[in-house]
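In case you want the letters, here they are:
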Amino acid sequence: MEKIVSLIEGGLREAFSACGYEERFAKAVLSNRPDLCEYQCNGAMTAAKAYKKRPIDIASAVVEKLKESHMFSMCDAVMPGFINLKLDGGFVAGYVEQMAADERLGLEKAEDPKKIIVDYGGANVAKPLHVGHLRSAAIGECIKRMGLALGHEMIGDVHLGDWGLQMGLIIEELRDRKPELPYFDEAHTGPYPEEAPFTISELEEIYPAASRKAKFKAEEGVAAGMSQEEAAAMAESGRVFAERAHLATRKLQEGYPPFMAIWSHIMAVSKKDLEKNYSALNVSFDLWKGESDVQKYIPGLIQDLVDKGLAYESQGALVVDISEDSDPKELPPCIVRKSDGAALYATSDLGTILEREKEIRPDAYIYIADKRQDLHFTQVFRVAKKAGFVRQDMPMDFLGFGTMNGKDGKPFKTRDGGVMRLEMLIDDISKAVYQRIMENRTVSEEEARQTAKVVGLAALKYGDLSNQAAKDYVFDIDRFISFEGNTGPYILYTIVRIQSILGKYAALCAEGQADQTSSDDAAGQMERSAKRILPAASDSEKDLMLELARYNEVMENAFAEKAPHKLCQYIYELSNAFNRFYHDTKILAEEDKEKQGSQIRLISLAKDVLNACIDVLGFGAPERM
Ligand code: ARG
């Protein structure tokens, strides 16, 4: 459906040109003075300069013309030259009626659909998922779903970090713990065991232990009460261990068969666990590719960069200059090979681009990661364009997100100061919701537990997505789970409330049917009385309609700006509009059946729009709460 604001602008364009002014001045925006009007046009002010007239004269002439349109119930020219507009009740009702009759609720499919890669998630295999990964997953999933809703072909790739030092650390830690394993027996030639030498819980413990060991500093030991000698000895063995891990990583990257075999086990065990974690977040990927998949492109791509004269040696490393004159300050070159020849983050990303160009041929790329990776992506994008890995005008966007902080304003930590793991976070939040539900206990424990999961996820994701992605935000569990204010639970509560009214209405209709002797059954009656949405009978009803009518515009904008928070803001305002309407309207007691049918159809549309939006945000609503 055409956006309501475009319809309004259509009316304005006619009026401007009928008065002899250019159509480009006919811009409409949502009113910033809702007490005065619903939409406004500020074009007379800009036109005044072009035509050297008083803005109010232009506005008044346009308003005279606008009065002929069926679209407006009020048009006012206000000093110094604003055009204030209120929409005709029949026009607005007709618009939302059309939405209600459309299975896409008025959302149009892109005329020129694009194939877009969304690179998000970015979990590191065998390392615990932390809250930064939550942000990437939540934001990326939402952007992917927005694109899908608008008819684009969105391809989500988790882009696993599966080729780094963590692998060497795990291998060497495993050697220390289980030296008898065949992977460490150089004489072993035969095939390696099919069964993994660890379970997921062992693996989860192995990596942090190895990482701690490798990083151990003597001062830490002393601080923890060790003697000087003990601490120094431990730090020294940590250093040796770290060296072994680096070596093991190198050997793995060179394809040493026993380490490749361990790596495959790590991958299989971890991936299963990651899938579980992501699915608990309602996040799913089309591709489960990782850094390891593209190593085969790297020698060729480095050679190509050298051949094209882009890569040169600098302090033993191979680098590509990427700085541009227009940069406010000089950007460092992109390192494509370290002096020890080890694989690099940037090189893996370049290899990934080559593979995507070869196998997917996308029209655009969107990457979602911590905003501290901004330089990395600038470097990668510029090298990719300079080297012609992608076409020069390829849209490549990096959406960097801020840090999730605790109430103390510092990065969110566990109670004992460790990095907060995603599972614990999800667990904490559903427990808190569970308690809240049990406080006004009207449901069984089992139902409360199920509901708490659904509501908890909404609280977590909405708490994240409702902030502008690039900003840091404070994780405040009490606020996130509140049923009031701009929160996920409030939105769900609104949906559940509408569901409950619709349920009661259906029950009333069924009762009516039982009383009736004629063939005039309840379903038929419901259908006839709810045939169409009538012009609003109150201000709150009209406000609700106006909010609903913005749906397609909001979705398009939120996607164009890659701004999930705009969708959140919209459903918050829509929920407020519904709740105001609900408070001053006795829907179920309404005696005028046609009017009641119209109200039911309207709130049912509100429910559908809210549900469509939360689905795009990546969570769902419970039956009741
Ligand atoms: N694994 C990385 C991390 O944990 C994020 C990956 C982001 N995506 C990419 N194509 N580099 O920081």
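Residues numbered from 1 in each chain as written. Predicted model: local features only at pLDDT ≥ 70, side-chain atom pairs only at ≥ 80, totals over all residues. Heavy atoms only, no water.

### Side note on the overall build of the protein chain
Item 1. Within the protein chain, the secondary structure is distributed over 22 helices and 13 strands.
Item 2. Reported as C-alpha extents along the three principal axes, the dimensions of the protein chain are approximately 90 × 65 × 50 Å.
Item 3. A buried classification covers 50% of the 625 residues belonging to the protein chain.
Item 4. At a minimum sequence separation of 6, the contacts of the protein chain that also span at least 24 residues come to 72%.
Item 5. Of the roughly 29,600 Å² of accessible surface on the protein chain, a fraction of 50% belongs to carbon and sulfur atoms.
Item 6. Each charge class in the protein chain can be summarised by its mean position, and for the 78 positive and 99 negative side chains these summaries are 2 Å apart. (Helix = DSSP H or I, 4+ residues; strand = E, 2+ residues; numbered from the N terminus. Buried < 20%, exposed > 50% of the residue type's maximum accessible area, 1.4 Å probe, protein only. Contact = heavy atoms within 4.5 Å. Areas by Shrake-Rupley, 256 points an atom, 1.4 Å probe, with all protein chains shown as cover. Lys, Arg positive; Asp, Glu negative; His and termini not counted. Charge placed at Lys NZ, Arg CZ, Asp CG, Glu CD.)

### Considering the pairing of strand β7 (residues 311-314)
Look at any regular strand and the pattern is simple: side chains alternate between the two faces of the sheet.
Item 1. With 4 bridges connecting them, β7 and strand β8 (residues 317-320) associate as antiparallel partners. Residue Glu313 lies in a different strand from β8, and its bridge partner there is Leu318.
Item 2. Joining the antiparallel neighbours β7 and β8 is a turn of 2 residues, in which Gln315 adopts a positive phi near 50°. (Pairing = 2+ DSSP bridges.)

### Things to note about the site of the ligand
Item 1. Around the ligand, the structure places Asp119, Gly122, Asn124, His133, His159, Tyr345, Asp349, Tyr367, Gln373 and Phe377.
Item 2. Contact between the ligand and Asp119: a nitrogen atom at 3.0 Å from a side-chain N or O atom of the residue.
Item 3. Tyr345 places a side-chain nitrogen or oxygen 2.8 Å from a nitrogen atom of the ligand.
Item 4. Here the ligand loses 86% of its free accessible area of 350 Å² to cover by the protein chains.
Item 5. Of the residues belonging to the shell around the ligand, the class tally is 3 nonpolar, 5 polar and 2 charged. (Near = heavy atom within 4 Å. Polar contact = N/O pair within 3.5 Å; in protein donor to acceptor, adjacent residues only side chain to side chain. Nonpolar A, V, L, I, M, F, W, Y, C, P; charged D, E, K, R; others polar.)

### Structural notes on the sheet that holds strand β3 (residues 72-78)
Item 1. Spatially, 4 strands are ordered β1-β2-β4-β3 in an open sheet, and the strand pairing comes out antiparallel. Edge strands, defined here as strands with exactly one partner in the open sheet, are β1 (29-30) and β3.
Item 2. Here 3 bridges tie strand β2 (residues 39-41) to strand β4 (residues 82-87), and the two strands are oriented antiparallel to one another. Residue Tyr39 lies in a different strand from β4, and its bridge partner there is Leu85.

### Some remarks on the sheet that holds strand β11 (residues 396-401)
Adjacent strands of a sheet form backbone hydrogen bonds with each other and so pair up, either parallel or antiparallel.
Item 1. Read from one edge of the open sheet, 4 strands run β6-β5-β10-β11, paired in parallel fashion. Lying at the two open borders of the sheet, with one neighbouring strand each, are β6 (153-157) and β11. In this sheet, adjacent strand axes meet at a mean angle of 20° when their direction is disregarded.
Item 2. The sheet contact formed by strand β5 (residues 115-119) and strand β10 (residues 364-370) spans 4 bridges and is parallel. From the neighbouring strand, Ile117 faces β10, where its bridge partner is Tyr365.
Item 3. Where helix α5 (residues 131-149) meets the sheet, its contacts fall on β5, β6, β10 and β11, and the angle it forms with β11 comes to roughly 135°.
Item 4. Set on the sheet, helix α12 (residues 345-359) makes contact with β5, β6, β10 and β11; between it and β10 the angle comes to about 150°. (Axes fitted to C-alpha atoms, helices over the stretch in contact; angles between N-to-C directions.)

### Observations concerning the environment of Lys471
Item 1. Relative to the elements of secondary structure, Lys471 occurs in the loop between α15 (445-465) and β13 (473-474).
Item 2. Taking the C-alpha atoms as reference points, Lys471 and Phe401, 70 residues apart in sequence, are found 6.6 Å from one another.
Item 3. The contact partners of Lys471, leaving out residues within four places of it in the chain, are Arg135 and Gly402.

### Section: the state of the cysteines
Item 1. One pass over the structure, following the stated rule, counts 0 disulfides.
Item 2. Note on Cys41: no disulfide assigned, nearest cysteine sulfur contributed by Cys37 at a separation of 11 Å.
Item 3. The buried category is assigned to Cys41, whose relative accessible area is 0%. (Disulfide = S-S within 2.5 Å.)

### Here we look at the packing of helix α4 (residues 89-101) against helix α19 (residues 539-549)
Item 1. Across the interface, α4 lies against α19 with an axial gap of 9 Å and an inter-helix angle of 50°. By the angle class used here, α4 and α19 are oblique. For the pair α4 and α19, the sense of crossing is left-handed. Listed contacts from α19 to Val92, Ala93, Tyr95, Val96 and Met99 of α4 are Lys542, Met545, Leu546, Leu548 and Ala549.
Item 2. Counted by class, the contact of α4 with α19 contains 9 nonpolar, no polar and 1 charged residues. (Parallel < 35°, antiparallel > 145°, perpendicular 65-115°, else oblique. Left-handed = near helix turned anticlockwise from the far one by under 90°.)

### Considering the pattern of salt bridges
Item 1. A complete count under the given rule lists 44 salt bridges for this structure.
Item 2. When the shortest N-O distance is used, the salt bridge between Glu68 and Lys65 registers 3.4 Å.
Item 3. Residue Lys65 is classed as partly exposed on the basis of its relative accessible area, which comes to 32%.
Item 4. The salt bridge partner of Asp119 is Arg356, with a shortest N-O separation of 3.0 Å. Pair noted here: Asp119 is in strand β5 and Arg356 is in helix α12, with a separation of 237 residues, a long-range link. (Salt bridge = Lys/Arg side-chain N within 4 Å of Asp/Glu carboxyl O.)

### Some words on the packing of aromatic side chains
Item 1. This model, assessed by the stated rule, comprises 21 aromatic pairs.
Item 2. Arranged with centres 4.6 Å apart and planes meeting at 40°, the rings of Tyr120 and Phe285 form a pair that is tilted. Here the residue Tyr120 occupies a position in the loop between β5 and α5, and Phe285 occupies one in the loop between α10 (257-280) and α11 (298-307), the gap between them amounting to 165 residues.
Item 3. Judged by relative accessible area, which is 1%, Tyr120 ranks as buried.
Item 4. An aromatic cluster is defined as three or more aromatic residues linked by ring pairs; in this entry it consists of Tyr365, Tyr367, Phe377, Phe381 and Phe398.
Item 5. The ring of Phe241 has Lys213 sitting right over it, with the charged end atom 4.4 Å from the ring centre.
Item 6. The aromatic ring of Tyr256 is capped on one face by Lys251, whose charged end is 4.3 Å from the ring centroid. (Phe/Tyr/Trp six-rings, centres within 6.5 Å; stacked < 30°, edge-to-face > 60°. Lys NZ or Arg CZ within 6 Å of the ring centre and 35° of its normal.)

### Structural notes on the nonpolar core
Item 1. Counting residues in hydrophobic clusters, the biggest one holds 159 residues, and the most contacted among them are Leu425 and Val609.
Item 2. Of all the elements, helix α22 (residues 593-617) adds the most residues to this core, at 11 residues.
Item 3. Setting aside residues no more than four positions away along its own chain, Leu425 makes contact with Val131, Leu134, Met404, Phe412, Met420, Leu460 and Phe475.
Item 4. Of all hydrophobic cores here, the second largest spans 32 residues; its members include Ile302, Leu305, Leu350 and Tyr365. (Core = buried A, V, L, I, M, F, W, Y, C linked by side-chain atoms within 4.5 Å.)

### As for the environment of Phe389
Item 1. Within the secondary structure layout, Phe389 lies in the loop between α13 (374-386) and β11.
Item 2. For Phe389, a relative accessible area of 8% corresponds to the buried category.
Item 3. Remark: the alpha-carbon pair of Phe389 and Asp539, spanning 150 residues in sequence, is separated by 57 Å.
Item 4. Once you skip the residues sitting within four places of it in the chain, Phe389 turns out to touch Leu301, Asp304, Leu305, Leu350, Ile353, Leu354, Glu357 and Ala384.

### Looking at the environment of Tyr21
Item 1. With respect to the helices and strands, Tyr21 occurs in the loop between α1 (4-18) and β1.
Item 2. The buried category is assigned to Tyr21, whose relative accessible area is 7%.
Item 3. Residues Tyr21 and Ala47, spaced 26 residues apart in sequence, show a C-alpha to C-alpha distance of 7.6 Å.
Item 4. Of note is the side chain of Tyr21, whose polar atom sits 2.9 Å from the side chain of Lys53.

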